[in-house]
Amino acid sequence: LGRIARITKLIWAWPELLNLCKGLALALRAVMTTLALVCIFIYIFAIVFRQLSRGTSLETNMFDSMPSAMKYLLLSGTVPDHMDIITEDLGPSSWILASIY
């Protein structure tokens with residue numbers, strides 16, 4: 001409890017530090033909102049692609065379930081050049097390593 005009091009005293013002593021903390025909080029809100037919108041769009045397009053690829057070879061390769069469809073859309077949209085490295089080399093061994101990469 002004493003450490004928290006010292007930190008708040010430090011923040012009030014430096015108004016610039018307080019402005020930086022407020023700016024980080026505002027930026028975090030905007031980033032989280034954007035991330036939520038991206039997740040919603042990926043979910044909607046995964047549903048659409050699963051429905052459209054039913055009965056084709058795409059269903060067995062890429063869109064066989066909702067999580068795999070969402071993973072494929074996310075990886076092909078964000079890191080298309082390294083998608084094979086993430087899915088074949090890192091993905092089966094550890095999802096944590098694949099997400100850090």
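What you see is a predicted model, and the numbers here were worked out from it, not measured in a lab.

Attention now goes to the packing of aromatic side chains. The description of two aromatic rings rests on the distance between their centres and on the angle between their planes. The full count for this structure, using the stated rule, is 3 aromatic pairs. Their ring planes at 35 degrees and their centres at 6.3 Å tell us that Phe45 and Phe49 sit as a pair that is tilted. Linking Phe45 with Phe49, this pair stays in helix 2 (residues 15-52), spanning 4 residues, or about one helical turn. The class of Phe45 is partly exposed, set by a relative accessible area of 45%. Between the aromatic rings of Phe49 and Phe63, the centroid separation amounts to 5.6 Å while the plane-to-plane angle is 25 degrees, which identifies the pairing as stacked. With Phe49 in helix 2 and Phe63 in the loop between helix 3 (57-61) and helix 4 (66-78), this residue pair connects regions lying 14 residues apart in the sequence.

Checked against the element boundaries, Arg50 lands in helix 2. Glu59 is the oppositely charged side chain nearest to the buried, salt-bridge-free Arg50, at an N-O distance of 4.5 Å. The residues touching Arg50, leaving out its near neighbours within four places in the chain, are Glu59, Phe63, Asp64, Ser65, Met66 and Ala69.

Once that is clear, we can look at helix 4. Relative to the 18 Å expected for 13 residues at 1.5 Å per residue, helix 4 spans 18 Å between its end C-alpha atoms, a close match to the ideal helical length. Listed as buried for helix 4 are Ala69, Leu73 and Leu75.

Here we take up the confidence of the model for the protein. When pLDDT is averaged across the protein, the result is 81; 81% of the residues are at 70 or more. Within the protein, no element has a lower average pLDDT than helix 6 (residues 95-100), which sits at 60, and none a higher one than helix 2, at 91.

Grouped together as the largest cluster of nonpolar side chains are 5 residues: Ile42, Ala46, Phe63, Ala69 and Leu73. Put simply, the parts of the chain that give this core at least two residues each are helix 2 and helix 4. Setting aside chain neighbours within four positions, we find Phe63 in contact with Phe49, Arg50, Ser53, Leu58, Ser68, Ala69, Tyr72 and Leu73.

A word on a nonpolar patch on the surface. A cluster of nonpolar side chains, namely Leu37, Ile40, Phe41, Tyr43, Ile44, Phe45, Ile47, Val48, Phe49 and Leu52, defines an oily patch on the protein surface of about 940 Å² accessible area. Along the chain, the position of Phe41 falls in helix 2.

In this section: the packing of helix 1 (residues 2-13) against helix 2. A packed helix pair is summarised by two numbers, namely the angle formed by the two axes and the spacing between the axes. With their axes 5 Å apart at the nearest point, helix 1 and helix 2 run at an angle of 105 degrees to one another. Comparing the axis directions of helix 1 and helix 2 gives the class roughly perpendicular. Contacts between helix 1 and helix 2 pair Leu10, Ile11, Trp12 and Ala13 from the former with Pro15, Leu17 and Leu18 from the latter. A breakdown of the residues in the contact of helix 1 with helix 2 according to their chemical character gives 7 nonpolar, no polar and no charged.

So, about the side chain of Ser53. With respect to the helices, strands and loops of the structure, Ser53 is situated in the loop between helix 2 and helix 3. The exposure class assigned to Ser53 is buried, which follows from its relative accessible area of 5%. Contacts of Ser53, omitting those with residues within four sequence positions, involve Leu58, Glu59 and Phe63.

Reading the values: the criteria
- Counting restarts for each chain: residues are numbered from 1 in the order of the written sequence.
- Confidence filtering applies because this is a predicted model: local features only for residues at pLDDT of at least 70, side-chain atom pairs given and counted only at 80 or more, and all residues used for totals across whole chains, interfaces and linings.
- Just so you know, side-chain values use all the structure's heavy atoms and leave hydrogens and water out.
- Ring pairs are drawn from Phe, Tyr and Trp, using the six-membered ring of Trp, whenever the two centres fall within 6.5 Å, and their geometry is named by plane angle: stacked under 30 degrees, edge-to-face over 60, tilted for the rest.
- What counts as a helix is a DSSP run of H or I of at least four residues, what counts as a strand is a run of E of at least two, and both are numbered from the N terminus.
- Each residue gets one of three labels from its accessible area relative to the maximum for its type: buried under 20%, exposed over 50%, partly exposed in between, using a 1.4 Å probe on protein chains only.
- Charged residues are defined here as Lys and Arg on the positive side and Asp and Glu on the negative side; His and the ends of the chain fall outside this count.
- Take a side-chain nitrogen of Lys or Arg and a carboxyl oxygen of Asp or Glu: if they are within 4 Å of each other, that pair is a salt bridge.
- Contacts are residue-level and defined by heavy atoms, with any inter-residue pair within 4.5 Å sufficient.
- A helix is expected to span 1.5 Å for every residue after the first.
- Note: pLDDT gives the predictor's confidence per residue, expressed from 0 to 100.
- Nine residue types can take part in a nonpolar core, namely buried Ala, Val, Leu, Ile, Met, Phe, Trp, Tyr and Cys, and a core is a set of them joined through side-chain atoms within 4.5 Å.
- Each patch is built from residues that are more than 30% exposed by relative accessible area and take part in no salt bridge. Like charges join if they lie within 9 Å; nonpolar side chains (Val, Leu, Ile, Met, Phe, Trp, Tyr) join within 5 Å.
- In this description, accessible areas are obtained by the Shrake-Rupley approach with a 1.4 Å probe, and a residue is regarded as covered only by the protein chains that are shown.
- For helices, the fitted axis covers only the stretch in contact; all axes are lines through C-alpha atoms, and the angles between them, taken along N-to-C directions, range from 0 to 180 degrees.
- Any angle that falls under 35 degrees is termed roughly parallel, while one over 145 is termed roughly antiparallel, one within 65 to 115 roughly perpendicular, and all others oblique.
- Residues are grouped as follows: nonpolar covers Ala, Val, Leu, Ile, Met, Phe, Trp, Tyr, Cys and Pro; charged covers Asp, Glu, Lys and Arg; every other residue, Gly included, is treated as polar.

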